[in-house]
Every structure is written in structure tokens, then in C-alpha cells.
Amino acid sequence: MSTTRAVSKSSAAHSPYQRLFMLPGAKAFCLSGAVARLPISMMSLGIVLALNHLYDNWTIAGTMSAAYVLAMSCVTPFYARAFDRFGQARVGRLALAVQIVAMLAFAFAALVRVPIPLLFALAIIMGLTQFSFGALVRTRWSYALRGVEDGEQLLNTAYAMEAAIDEIVFILATSVHPVSQLFVPTVACGIGGTIFFSLKSTQPPVIVEQVSVAAHDDGSPAASEDADQLTLRQLKRSGAKPKSVLLYAGVLPLLAVFIVFNMSFTSFDVSITATMKSMGLEPFLGLQLAMFAVGSCIGALVFGSCQLKGSHWAHMVMFLSLLTVGYVFFRLSMDNLILLGVFEILAGLTVSPTFATGNLIVKDLVPAESLTEGLSWVTTAGTVGTSIGSSVAGIVLDASNPHVGMMLPFIFTLASVPLALAGWALAKRRG
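The present account deals with the structure reproduced in this document.

## Structural notes on helix H8 (residues 133–144)
- Under the 1.5 Å per step criterion, the end-to-end length of H8 is 16 Å for 12 residues, consistent within 8% with the ideal 16 Å.
- Burial within H8 is extensive, with 11 of its 12 residues counted as buried.
- Looking only at H8, the buried set comprises Phe133, Gly134, Ala135, Leu136, Val137, Arg138, Thr139, Arg140, Trp141, Ser142 and Ala144.

## Section: helix H18 (residues 351–365)
- For H18, spanning 15 residues, the distance from its first C-alpha to its last is 22 Å, which sits close to the expected 21 Å at 1.5 Å a residue.
- Counting buried residues along H18, 11 of its 15 residues qualify, which places the element largely inside the surrounding structure.
- Listing the buried residues of H18 in full gives Val351, Ser352, Pro353, Thr354, Ala356, Thr357, Gly358, Asn359, Leu360, Ile361 and Val362.

## Remarks on the pattern of salt bridges
- Applying the stated criterion across every chain, the model contains 2 salt bridges.
- Residues Arg37 and Glu162 are paired through a salt bridge, measuring 2.5 Å at the closest nitrogen-oxygen approach. One end of the pair, Arg37, is in the loop between helix H3 (26–36) and helix H4 (38–55); the other, Glu162, is in helix H9 (residues 151–173), with 125 residues separating them in the sequence.
- Linking Glu373 and Arg81 is a salt bridge whose minimum nitrogen-to-oxygen distance equals 2.9 Å. Taken together, the positions of Glu373 in helix H19 (residues 371–399) and Arg81 in helix H5 (residues 58–86) put the pair 292 residues apart, joining distant regions of the chain.

## Some thoughts on the nonpolar core
- Phe133, Trp141, Ile272, Phe292 and Met316 are the most contacted members of the largest nonpolar core, which has 83 residues in total.
- Per-element tally for this core: the top contributor is helix H14 (residues 251–279), with 10 residues.
- Setting aside its immediate chain neighbours within four residues, Trp141 contacts Leu20, Phe21, Leu23, Ala26, Phe29, Cys30, Leu155, Ala158, Met161 and Glu162.
- Counting residues in hydrophobic clusters, the runner-up holds 33 residues, among them Met43, Leu51, Val69 and Ala110.

## Quick word on a nonpolar patch on the surface
- On the surface, Ile298, Val302, Leu339, Val342, Leu346 and Leu349 cluster together to form a nonpolar patch covering roughly 490 Å² of accessible area.
- It is helix H17 (residues 337–348) that provides the largest number of residues to the nonpolar patch, a total of 3 residues.
- Mapped onto the elements, Leu339 comes out in helix H17.
- Residue Leu339 is classed as partly exposed on the basis of its relative accessible area, which comes to 38%.

What counts, and where the lines are drawn
Residues numbered from 1 in each chain as written. Predicted model: local features only at pLDDT ≥ 70, side-chain atom pairs only at ≥ 80, totals over all residues. Heavy atoms only, no water. Helix = DSSP H or I, 4+ residues; strand = E, 2+ residues; numbered from the N terminus. Expected span 1.5 Å × (residues − 1). Buried < 20%, exposed > 50% of the residue type's maximum accessible area, 1.4 Å probe, protein only. Salt bridge = Lys/Arg side-chain N within 4 Å of Asp/Glu carboxyl O. Core = buried A, V, L, I, M, F, W, Y, C linked by side-chain atoms within 4.5 Å. Contact = heavy atoms within 4.5 Å. Patch = residues over 30% accessible without salt bridge, like charges linked within 9 Å, V, L, I, M, F, W, Y side chains within 5 Å. Areas by Shrake-Rupley, 256 points an atom, 1.4 Å probe, with all protein chains shown as cover.

Shown next as C-alpha cells:
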């Protein structure tokens, strides 16, 4: 802890981002985590694009992506709870191996065009093996900054930077061939995840370690020998069990916001994909989608460099309201792709700050020992929203046209504003 304080004092003149990477081990876990979470953006969108490319059916593509994401959302919080209780490396190495096998099975099955029911089953199995690398990285940032002066402000910077990295990952996701989007994230996840879980110096402490040390207070080396292995005996040990993060006041309203808010993104992705396909401009889809992500990346970097005053809930309401207006302009300008690109960049400025603000709210609501679980629930809510959004958009596009589909993003985002206001009111009443 004294080391981190020294780093902070000696780097007061540096920018917040420079100060983050002066922390021991920060560069390694940040970079490897960024590579490992390529599937977050690539796989769900890749399923939509690859299956429409292979089978030429938006409904099947959107529904299969929704099935994958919903399966993932069902298990992500349970993985996170295991990470908090038993350690990132212990759980992660086994979970990563299973995940890679499932992703490869689905990718090869799609490539050889197996029957749709079998592909649906493989998509669900693949979803059940996924966990949130983003939550693991953000938990490490919280642990690394625990003794740093101005640590709260730097955590704001770290979360904003991670949101920017998510957008860079999304840009990469839209720049490769549709079918390749099923293989590239698999390789990246394997390489990045292996490196990430090998970085033990930045791994947060876990509940089971405390129990294990107490059990071996006679000086035996058993605790140190088992420090990096997850055993059946440890899983059965009762230990301390923190309460579910869903029971903390304010968490459920926040999750509702993220479910509805995230429905806008995949509905926009699918609608603009259909729009450009109808124009015969499908090769430029990646560039068009990237404009939104570029704006979000810029917004993240700006947000991380400053500190807004007032409640995080108030900031979220502001960002959601601005994004709603931006989506309205998307619908009005969708036939002029250059003008649409300009509006995408401007509206994108609010996206990453919204995600970063949501993570900061979680940091305020839940205790440190349950932070990974709390952050993973936000990720889960987001994935539920994106799965519903892609499914609804696919049905709407098959039933009508892209102009109707492009109305969905601002409808969904507008609906999330009163939910955020309700969460803000609850937070003020409980505060």
C-alpha cells in the first residue's frame, strides 16, 4: 500500500491515464484483459452477421444471438461469485479451457452449416461457458487503487478507459469477415485469458484464502500449496458467504436501466446492417458501425480526464437523455450515411460515460468483497438487453423495413430514463 502511495505522490504532475499505468502490474492485466474480452463484442454481433451471411435470415440470426447472450447472462453472475470467493486464477483457468472448446465447436459447426437446431444447441452451450473478463479487470483496478491518493478519481478514469477499450474491441469486431468473427475472438480469448490468469501479483484477495489460512494456523504449508488450485474440498467448505448483491438497495433499478438501455445498441446494429445491405453498401458496414464506437471512445477518454460534480445517478439520467436525442437524429438521417456518421460520433460521446457511471454506482452500492459479482450483474443486464434488442430488431425487420427498425433505439433509450430517475430517487431516500 505504501508503494502505491509513493507512486501517486511522485506522479502528481502526470495525467490520470499515465498515473494508472505507473501502478505495478497495471499494463499487463489491462492489455491482456482487453484481448481476452474480444468475445464480448465480437461473438454476439458475429453470430448475427455470420448467420445472416450463411443462411440469409435475420430472424434466425437475431434469435440465435439472443439465445447465446441469454445463456451467458444466466451464468455470468455465478461465475463472478466463484471468482470473488475462490480467486480469479483458480476458477478462471478451468473455466477458460471449457469456454475455448465450446467456442471452437460452435464456430466450426457454423462454418460447415450444420442444421439450425444443432447450431442453436451449440450456441446455448457456448453461452453457458462465458464469464465477464471486463468485471475481472475492473475489480483488479479497484484493488490496485485501494491505497492511492485520489484513488476514487483514478478509479473513475480506469473505468472510463475500460469503456473506451470496449469500444476499440467493438471496432475490431466490425472490421473482419462475418464468419471470421467466430474464430478471431476464440483465439484472442485463449491467449489473453491465459496471460491474464497468470498475473498473480494484481489478483485481489479472496474469501476462501482467509478460511484456508485460519484452517492451517498450526503452521502447515497446506494453504500455500493449494493457493493456486481450486479443489472439490474448497468448493464444499462452508466458509463465509456474502449476501447476493441483488439485495443491496439500488442494484435492481440499475440493472433494469441497463437491460432497457442496452436494447438500443443491437437494434441499431441490426437495423443499420439491413439498411446498408438494402443500399448495396454492405462492405462499408464496419466503417459505419465504427463511427458510433469512435464517438464512444472519445467520450470515455474525456470523461476519464475530468470529475463531474453531483450524483452518479444524475449523470446517468443526463447521458441517457442526450443519447435518446442522438438516436432520434439517427432515424432522421439514416438515408444519408455521411450525416448519420456525424450524428453517430456526437451521440457516441455519451455511451461510454454511461457505462462507466453505471460501474461507479455499483462500486458505491456493494462491498469490495462482492465487487466482481456486482460488476458482472451489470454486464449480465447489458447482455440481456442486447439479446432482446437483436431479437426484436430481427423480427421487426423481417416484418417491415429498416426505417421502422431504426425507431427502436430511441424508443428503448427513452424508456430507460424513468427507470434511472426511479433509481436516483431510491438512492436519495436511502442515502
